[in-house]
Amino acid sequence: MNRLMWVLHAMVSTTLMGIGVTAVLAANLPGWQPIAIAAAIGFVVALPVSWLVARKIETLTAPKG
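Note that this is a predicted model, so its numbers are computed, not measured.

Here the focus is the overall build of the chain. Counting its regular elements, the chain contains two helices and zero strands. Computed over its C-alpha atoms, the radius of gyration of the chain comes to 15 Å, more than 25% above the 11 Å expected for a compact globule of 65 residues. Principal-axis analysis of the C-alpha atoms places the extent of the chain at approximately 55 × 15 × 15 Å. Buried residues in the chain amount to 22% of all 65 residues. Within the chain, contacts between residues separated by at least 24 positions form 76% of all contacts whose residues are at least 6 apart in sequence.

This is the structure we're talking about:
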């Protein structure tokens, strides 16, 4: 699951970081700090999300028997 989680993290973090940065830009917050904070939060939040998704994928694709 570890390898799958990191592959998913690459995709999930990009998505969540993009959502956060877009929200900051839409809110018209000044400076680079809100953008960097939103990107960092997206990166960190993606860790448990990708772990949960990887666990669910492995549960659904595990051989039954």
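The next thing to look at is the side chain of serine 50. Structurally, serine 50 can be placed in helix α2 (residues 33-61). Not counting the four nearest positions on each side in its chain, serine 50 is found in contact with Met5, Leu8 and His9.

For serine 13, the location among the structural elements is in helix α1 (residues 2-26). Discounting chain neighbours no more than four positions away, the residues touching serine 13 are Gly42, Phe43 and Ala46.

Reading guide: rules and limits
- Residues numbered from 1 in each chain as written.
- Predicted model: local features only at pLDDT ≥ 70, side-chain atom pairs only at ≥ 80, totals over all residues.
- Heavy atoms only, no water.
- Helix = DSSP H or I, 4+ residues; strand = E, 2+ residues; numbered from the N terminus.
- Rg over C-alpha atoms; globule rule 2.2 N^0.38 Å.
- Buried < 20%, exposed > 50% of the residue type's maximum accessible area, 1.4 Å probe, protein only.
- Contact = heavy atoms within 4.5 Å.

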